[in-house]
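# Fold and contact review
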Amino acid sequence: MNTKSITRSRSGRLATAFLLAVTLVTGAVVASTSASAATALTVAQALAAQDGRTATVTGYVIGQPIATNTVITSGFTADTAIAIADTAGETSTSRMLYVQVTAAYRSAFGLLTNPGLRGKLVTATGTLTAYFSHGGLKEPTAMSLGGVSPSPTPTTSPTGGPYDSTYYASAIGKTGTALRSALHSIIRTQTKLSYDQVWEALKDTDQDPANANNVILLYSGRSQSKASNGGGVDDWNREHVWAKSHGDFGTATGPGTDVHHLRPEDVTVNSTRGNKDFDNGGSAVSQCPDCFSDADSFEPRDAVKGDVARMIMYMAIRYEGDDGWPNLEMNNSVTNGTAPYHGRQSVLLAWHQLDPPDAFEKRRNQVIYDRWQRNRNPFIDHPEWAAAVWG
């Protein structure tokens, strides 16, 4: 294999993104920034304030409530109610707010008529009071698509890093196998998504900071319309960075739908990468500037080499063979085929050092935690833990 030197050429991606709320006015959809969304409650806050006050709440549509503890997510039967939550992948009804959909809003917000609303962010203003004998919002006076996402801002703990005193408390101060075991126990607790939900998740996690209508494709770096996802030429599809054949887990709920390693990518580039391991060298890849590939390996552009490495490291720690899925591990091979291994470990660890986490990757980790899976990639939060685990 021909090798080449790795150069640091990090793209100037913006640190934050903004969302436009889409407000429904007399049946027409118009783009606007939502003043009410700026002061909206989270679902958790709304559930804690069931006192008859009027409030605005923002959350993700989960499904249709049909009983106190029952929300259906398909086969919708009516347009009269939606359940919303602070994360799009929420499965516990105790963390959902039941929103009444009155006649004025049913054509736009009823799930029987609009099943594609599942996973969308909505903002509603109404009375905080029980509905279906459950925490609810009734008699809405306004409903709109979009809003300011219910994303808490992490704070720095006394130990020096966001979430160290809470999420990572059991891992702080450990190294080697003890650290690996602690991190596995922490990140294995997650909300699991269906493969269909992954489409909507990626439109959120990989949103272009400069254009809220687009996503950034991982390897090629191209900004592309969120709506152009699919299987056609020049569409984008769901790239498994840990190739799904490496352990033969497919696309079933589990590692095959874990968005910490799923990214949007051009269909043709995705096909070129296939299930190859990662390494330096090869021939230039069409539609993927600064990418290289040969018979058994793929090299992404410099700006995302570290991103790729940290996704592979996450998978190796998250899936340890104790939950019905294969025990995924890094190794130094580039001929892993269907074995539950991914290489080349030495190169991935070098990429991790040369390309530290940037604002886009950090935001992505936060969005996955806040709105989709409720777990984090520890090697983004603590890059030094890679050496502490693998030396």
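Here is what the cut-offs are and how they apply
- Residues numbered from 1 in each chain as written.
- Predicted model: local features only at pLDDT ≥ 70, side-chain atom pairs only at ≥ 80, totals over all residues.
- Heavy atoms only, no water.
- Helix = DSSP H or I, 4+ residues; strand = E, 2+ residues; numbered from the N terminus.
- Buried < 20%, exposed > 50% of the residue type's maximum accessible area, 1.4 Å probe, protein only.
- Contact = heavy atoms within 4.5 Å.
- Areas by Shrake-Rupley, 256 points an atom, 1.4 Å probe, with all protein chains shown as cover.
- Pairing = 2+ DSSP bridges.
- Axes fitted to C-alpha atoms, helices over the stretch in contact; angles between N-to-C directions.
- Parallel < 35°, antiparallel > 145°, perpendicular 65-115°, else oblique.
- Left-handed = near helix turned anticlockwise from the far one by under 90°.
- Nonpolar A, V, L, I, M, F, W, Y, C, P; charged D, E, K, R; others polar.
- Disulfide = S-S within 2.5 Å.
- Polar contact = N/O pair within 3.5 Å; in protein donor to acceptor, adjacent residues only side chain to side chain.
- Core = buried A, V, L, I, M, F, W, Y, C linked by side-chain atoms within 4.5 Å.
- pLDDT = per-residue confidence, 0-100.
- 1 Å grid on protein atoms, 1.4 Å probe; cavity = no way out; pocket = protein on both sides within 12 Å on 5 of 7 lines; lining within 4 Å.
- Points joined across faces, edges and corners; volume = space filled by probe spheres on them.

The next subject is the overall build of the protein chain. A tally of helices and strands in the protein chain yields eleven helices and 19 strands. Taken across its 391 residues, the protein chain has 53% of its residues classed as buried. Long-range pairs, those at least 24 residues apart, make up 65% of the contacts in the protein chain with a sequence separation of at least 6. Accessible area for the protein chain stands at about 15,300 Å²; split by element, carbon and sulfur atoms hold 53% of it.

Turning next to the sheet that holds strand β9 (residues 207–208). Strand order across the open sheet formed by three strands is β9-β10-β11, with antiparallel pairing between neighbours. The strands lining the two open edges of the sheet, one partner per strand, are β9 and β11 (223–225). Here β9 runs beside strand β10 (residues 211–216); their pairing, made up of two bridges, is antiparallel. Looking at β10, one finds that Asp208 is bridged to Asn211.

Where helix α8 (residues 345–354) is concerned, the buried positions are Gln345, Val347, Leu348, Leu349, Trp351 and His352. As for α8, its buried residues are in contact with β14 (277–278), β17 (297–299), α7 (305–318), β18 (329–330), α10 (378–381) and α11 (385–390).

With that settled, the discussion passes to the packing of helix α5 (residues 195–205) against helix α9 (residues 359–372). Orientation of α5 relative to α9, taken along the N-to-C sense of each, is 135°, at an axis distance of 9 Å. Of the possible angle classes, the one that applies to α5 and α9 is oblique. At the point where α5 passes α9, the crossing takes the right-handed sense. Every residue of α9 that contacts α5 at Gln197, Glu200, Ala201, Leu202, Asp204 and Thr205 is listed here: Phe360, Arg363, Arg364, Val367, Ile368, Arg371 and Trp372. In terms of residue class, the contact of α5 with α9 is built from six nonpolar, two polar and five charged.

Tallied over the entire structure, the rule returns one disulfide. The disulfide partner of Cys288 is Cys291, and the gap between their sulfur atoms is 2.1 Å. Like Cys291, Cys288 is buried.

The next subject is the side chain of Asp302. Of note, Asp302 is situated in the loop between β17 and α7. According to the relative accessible area criterion, Asp302 is buried, its value standing at 10%. Among the polar contacts listed, one links the side chain of Asp302 to the side chain of Lys305, at a separation of 2.5 Å.

We now examine the nonpolar core. Core analysis: the largest hydrophobic core is formed by 43 residues, its most contacted members being Tyr219, Phe278, Val308 and Trp390. Taken together, the elements giving at least two residues each to this core come down to α4 (176–187), β16 (288–293), α7, α8 and α11. When residues of this core are assigned to their parent elements, the largest contribution, nine residues, is made by α7. In contact with Tyr219, not counting residues within four places along its chain, are Glu239, Val241, Glu265, Val269, Arg273, Phe278, Cys288, Cys291, Phe298, Pro300, Arg301 and Val308. One finds Ala55, Val61, Leu111 and Leu128 within the second-largest nonpolar core, a separate group that totals 22 residues.

With that settled, consider the environment of Gly59. Take Gly59: it is sitting in strand β3 (residues 54–67). Setting aside residues up to four positions removed in sequence, Gly59 forms contacts with Val43, Ile84, Ala85, Lys120, Leu121 and Val122.

With 87% of its residues at a pLDDT of 70 or more, the protein chain has an overall mean of 88. Within the model, the stretch residues 1–38 combines pLDDT values under 50 with 84 contacts to residues more than four positions away or in other chains. Residue range residues 152–159 is modelled with pLDDT below 50. Its contacts to residues more than four positions away, or to other chains, number 13 contacts.

Here we come to the environment of Leu348. Of note, Leu348 is situated in helix α8. Overall, the relative accessible area of 0% leaves Leu348 in the buried class. Between the C-alpha atom of Leu348 and that of Ile312, which follows or precedes it by 36 residues, the distance is 8.3 Å.

On to the pairing of strand β8 (residues 136–145). One ladder, built from two bridges, connects strand β6 (residues 96–100) with β8; its direction is parallel. Bridge pairing in β8 places Val99 opposite Leu137. Summarising the sheet, strand β7 (residues 121–128) and β8 pair through six bridges and their orientation is antiparallel. Across the sheet, residue Thr125 finds its bridge partner in β8, namely Ala142.

The next thing to look at is unusual backbone geometry. Between Gly343 and the following residue, Arg344, the backbone shows a cis peptide bond with an omega angle of 0°. A positive phi angle, close to 50°, is found at Glu139, a residue other than glycine. Within the element layout of this structure, Glu139 appears in strand β8. Residue Gln287 is not a glycine yet carries a positive backbone phi of 65°.

Tallied over the full model, the rule gives two cavities of 30 Å³ or more. Of the voids in this model, the largest cavity is the one considered here, and its volume is about 70 Å³. Counting only elements with at least two residues in the lining of the largest cavity, the list comes to α7 and α9. The leading source of residues in the lining of the largest cavity is α9, at four residues. For the lining of the largest cavity, a count of residues per class yields three nonpolar, three polar and four charged.

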